[in-house]
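Now for the letters of each chain:
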Amino acid sequence: MVRIPLRGVHTPEQALLALRGDQRPFALTGAWAGGGAIVGSDPVALAGARDDPFAVLDDQPAVRSDAQGARGTDAVGGGWFGYLGYALGALIERVPPAPPRPVPVAAHGLAFYDHLLRRDAFGQWWFEALWSKRAERRLTARLDRLRERLASPAPEPLPYRCSEFRPRPQLRGHAAAVRACAEGIRAGELYQANLTVRLEASFRGEALDLFVRCAHALKPPYAAFVCGPDSQVASLSPELFLARRGRSVQTAPIKGTAPRAGDSASLERLLASGKDRAENVMIVDLMRNDLGRVCEPGSVQVSALAVPEAHPGVWHLVSRVRGRLAPGVSDGDLLRAAFPPGSVTGAPKVKAMEVIARLESTGREVYTGAIGFASPVAGMELNVAIRTFEVAGDAAWLGAGGGIVADSDPEAEYHESIAKARPLLAAAGASLAAPAASASDPGVPDPPIRHPRPDPAVGILETVAVLDGRALELEPHLERLRRSAAVLYGQAAAEEVDALARRARDAAARATGHRRLRLGLAPGRPPWLETLAVPGEGVFPRHSLTLQPITVPGGLGAHKWADRRLLRDAAAGAGGAEPLLVDLDDAVLESGSGNLFVVDGDTVLTPPLDGRQLPGVTRAIVLELCDRAGIEAREGSLDLRALATCDEVLVTSAIRGLQPARLSADRPPEPAPESVCARLAELLAARWRLAL
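Residues numbered from 1 in each chain as written. Predicted model: local features only at pLDDT ≥ 70, side-chain atom pairs only at ≥ 80, totals over all residues. Heavy atoms only, no water.

### Observations concerning the overall build of the protein
In plain terms, the rule: In DSSP terms, a helix is any run of H or I states spanning at least four residues, a strand is any run of E spanning at least two, and both are numbered starting from the N terminus. Note on method: radius of gyration uses C-alpha positions; expected globular size equals 2.2 Å times residues raised to 0.38. Note on exposure labels: buried denotes an accessible area under 20% of the residue type's maximum, exposed denotes more than 50%, and partly exposed covers the range between, all computed with a 1.4 Å probe on protein chains only. Throughout, a contact is declared for two residues whenever any of their heavy atoms are within 4.5 Å. Note on areas: Shrake-Rupley with a 1.4 Å probe; residue coverage comes only from the protein chains shown. Under the convention used here, Asp and Glu are negative, Lys and Arg are positive, and both His and the chain ends fall outside the count. Lysine's charge is taken at NZ, arginine's at CZ, aspartate's at CG and glutamate's at CD.
When its secondary structure is counted, the protein shows 16 helices and 35 strands. For 692 residues, the compact-globule formula gives about 26 Å, and the C-alpha radius of gyration of the protein, at 28 Å, lands near that figure. Across its three principal directions, the C-alpha atoms of the protein cover 85 × 60 × 50 Å. For the protein, with 692 residues in total, the buried portion stands at 57%. Excluding contacts between residues fewer than 6 apart, the proportion of contacts in the protein whose partners are at least 24 apart in sequence is 76%. For the protein, the exposed surface amounts to about 27,800 Å²; the carbon and sulfur share of it is 51%. Charge centroids of the protein, computed over 80 positive and 81 negative side chains, lie 4 Å from each other.

### Focus: the side chain of Glu 360
Test applied: In protein, a polar contact requires one atom able to donate a hydrogen and another able to accept it; more generally it is a pair of N or O atoms within 3.5 Å, and residues adjacent in sequence count only if both atoms are side-chain atoms.
Residue placement: Glu 360 occurs in the loop between α9 (349-359) and β20 (370-375). A polar contact of 2.7 Å, which involves the side chain of Glu 360, links it to the side chain of Arg 364. Excluding its chain neighbours within four sequence positions, the residues that come into contact with Glu 360 are Pro 99, Asn 194, Leu 195, Thr 196, Arg 453 and Pro 553.

### A short note on the pattern of salt bridges
Defined as follows: When a carboxyl oxygen of Asp or Glu lies within 4 Å of a side-chain nitrogen of Lys or Arg, that pair is called a salt bridge.
Applying the stated criterion to the full structure yields 38 salt bridges. When the shortest N-O distance is used, the salt bridge between Arg 3 and Glu 128 registers 2.6 Å. Separated by 125 residues along the polypeptide, Arg 3 in strand β1 (residues 2-6) and Glu 128 in strand β8 (residues 125-129) bring together distant segments of the chain. Residue classification places Arg 3 among the buried positions, given a relative accessible area of 10%. The partner of Glu 635 in a salt bridge is Arg 619, and the shortest N-O contact between them spans 2.7 Å.

### Brief notes about the packing of helix α4 (residues 171-186) against helix α10 (residues 410-428)
Spelled out, the test is: To obtain an axis, a line is fitted to C-alpha atoms, over the contacting stretch when the element is a helix, and the angle between two such axes runs from 0 to 180 degrees between their N-to-C directions. Oblique is the label for any angle not under 35 degrees, not over 145, and not in the 65 to 115 range, which are roughly parallel, roughly antiparallel and roughly perpendicular in turn. For any helix crossing, the convention is left-handed if the near helix is rotated counterclockwise from the far helix by under a right angle, and right-handed if that rotation is clockwise. Think of it as three bins: nonpolar holds Ala, Val, Leu, Ile, Met, Phe, Trp, Tyr, Cys and Pro, charged holds Asp, Glu, Lys and Arg, and polar takes everything else, Gly as well.
α10 packs onto α4 with a crossing angle of 120° between their chain directions and a minimal axis gap of 8 Å. On the basis of the axis angle, α4 is oblique to α10. The crossing of α4 and α10 is right-handed. Side by side, α4 and α10 meet where Leu 171, His 174, Ala 175, Val 178 and Arg 179 of the first sit next to Pro 410, Glu 411, Glu 413, Tyr 414, His 415 and Ser 417 of the second. Of the residues belonging to the contact of α4 with α10, the class tally is five nonpolar, three polar and three charged.

### Here we look at a nonpolar patch on the surface
For clarity, the threshold we go by: Note that patches include only residues with greater than 30% relative accessible area and no salt bridge, and the join distances are 9 Å for like charges and 5 Å for nonpolar side chains (Val, Leu, Ile, Met, Phe, Trp, Tyr).
On the surface, Val 281, Val 302 and Leu 305 cluster together to form a nonpolar patch covering roughly 200 Å² of accessible area. One can find Val 281 in helix α7 (residues 274-292).

### Observations regarding the packing of aromatic side chains
The following threshold applies: Side-chain rings of Phe, Tyr and Trp (the six-membered ring for Trp) are treated as a pair once their centres are within 6.5 Å; stacked means planes under 30 degrees apart, edge-to-face means over 60, and tilted covers the remaining angles. Whether a charge sits over a ring depends on NZ of Lys or CZ of Arg being within 6 Å of the ring centre and within 35 degrees of the ring normal.
Tallied over the full model, the rule gives 13 aromatic pairs. An angle of 25° between the planes, with centres 4.3 Å apart, marks the rings of Phe 26 and Phe 81 as stacked. Residue Phe 26 is located in strand β2 (residues 26-30), and its partner Phe 81 is located in strand β5 (residues 79-84); the two are separated by 55 residues in the primary sequence. Owing to a relative accessible area of 1%, Phe 26 belongs among the buried residues under this scheme. Sitting above the plane of the Trp 315 ring, Arg 260 keeps its charged end 5.6 Å from the centroid. If you follow Arg 364 out to its NZ or CZ, it ends over the ring of Tyr 86, 4.8 Å from the centre.

### Describing helix α16 (residues 676-687)
Rule in force here: Here a helix's expected span is defined as the number of its residues, less one, multiplied by 1.5 Å.
Helix length check: α16, at 12 residues, gives a terminal C-alpha distance of 17 Å against a target of 16 Å (1.5 Å per residue), a fit within 8%. Along α16, the residues that are buried comprise Val 676, Cys 677, Ala 678, Leu 680, Ala 681, Leu 684 and Ala 685. On its buried face, α16 sits against β31 (595-600), β32 (603-606), α14 (617-629), β34 (648-653) and β35 (657-662). After α16 finishes, the residue Arg 689 shows a positive phi value of roughly 60°.

### Structural notes on the sheet that holds β32
Note the threshold: When DSSP finds at least two bridges between two strands, those strands are taken to pair.
The strand order across the open sheet formed by eight strands is β30-β29-β28-β35-β34-β31-β32-β33, and the pairing between neighbours is mixed. Two strands lie at the open edges of the sheet, namely β30 (588-591) and β33 (632-635), each paired on one side alone. The sheet shows a mean angle of 35° between the axes of neighbouring strands, direction not considered. Relative to β30, strand β29 (residues 578-582) is paired through three bridges, and the arrangement is antiparallel. Bridged to Val 582 within β30 is Val 588. Sitting on the sheet, α16 is in contact with β31, β32, β34 and β35, with an inclination near 165° to β35.

So, in structure tokens, the structure goes:
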């Protein structure tokens, strides 16, 4: 390990700006490694998507230090820098499938840097490197370039643009999730769970500039800018997850929040709040247990309990737990014992993660994972990835949540989450969208369902109608199966669809009457194909489906799952009615068997494809037919009130084509001959060369 002093008066944010255009730039500012900043770019190795990230962090070179200390500040030298996403918890514990992910990003983003810029707590910049003879020429050239950049005038950040951030779910939906969680706590299923509101916006520019602006304004103790394979992360976290120096390890969980008002009343209420203190104590106990799994017996101690700390816009209660690692315990072992952080999951941790998967509307990405470094010189230090902007493509999002206990007030929990986000939005120059008007509906669906989400390991499928040897719309179904296979299981699985397609065509040619082909793919088993009878009426049934709303936070997503337990159980609970999937904010998504259309006057509306529902093949055809026939059809959000007051409701599916539906038994039993449903049925029948 070598350390060379550099001249320069750049702030940490300016040093990061000077690395714009380099590969995988990063910056850690605030309290990291004793204070100051760590900035770097151009890594020498990247962790692959298939690598175990916890094992990767243990892959460190042996280092001999030739460096002198810089006025008491610890050196870092190099190491693995990046993020560990929340979903990596599934590598450690068996947890249910996550909700749909609006913008999926890589589960981890780790890169190894053999050199970096270090600004110590006194403002002195250093070039630090893990020097070797074979890298000497490259590191020398790199030192010269970085010395020149720090000596040049400080660069300015570039402008960026983002739309208003929209909460998902909004007040009503989040309150419903909180109530369902509190019911589980009162029933003895768990003690606490952390539930999240996701704020989403469109974004133009670079997240690097967003980080520079926010870090300069807020100065949080564990700020971090890192890049993954397909995203950029600007974390303004106040919370330390783990810090390991030698064999000593500590964690500093935050639980308990109150707005920072102009007087002391808010702080006094926080200190007097039995609920907030109980939240904190429960998580401290959880973290003691996590550390106790890998620390020497008797070494785990609580050095501070529920101490108030001021942070941007809020007061927090912060505790500190310390321990001494047992011999032979590595950073990877420590993470497997403690990840994901207990303060953003709940207690017991695995049960809390199950509740999170069931009640949240969107899957978590980097948020509530961890960001930081593992160094052969400085040990390991990770923040809790809260107060964290994530940017991928033209989308940006920010998670904000809070711990739910038995006596949580649902509306207060929502407002606490938004209060945590407001200082970040203000620092970023962004705004929060005005709350959406919450429509009153004729019958609020039950609380979020308790059935498990479909398990991707069971597989995906397509169902294709066959009429007298003709497979209807086979190619679009195969293409959808191919896309889902590539996303879920990899390109090799997608290539299996070609062989399955040949089998499907042969099976269709042999079928007589009205049949259905079921094609399936799953990891670890051969593709399958079944030819099945069609129960009940055939194509274009005349009777109306009766729809029974059920709440499925975030819906079932854009894939057709082979695991049908949730829909089967929901149908059984509805007394044979057709399940109507509704999100927490009463947004109507789809039915258990197909996509939904409503007719309101001369307009046909269908919910937008926003990742929460299946992109139906028949749905796309109906929209195309409307366009050709001059029928005004468009995507638009629908709620239960719209279904109760519209002229007609239609369900589209590959097997039934078009079928009338109704939200209650007092709706007309079938469409009139002049109805839009009847007209669309005629157009679809003509496309399929069928007689109604």
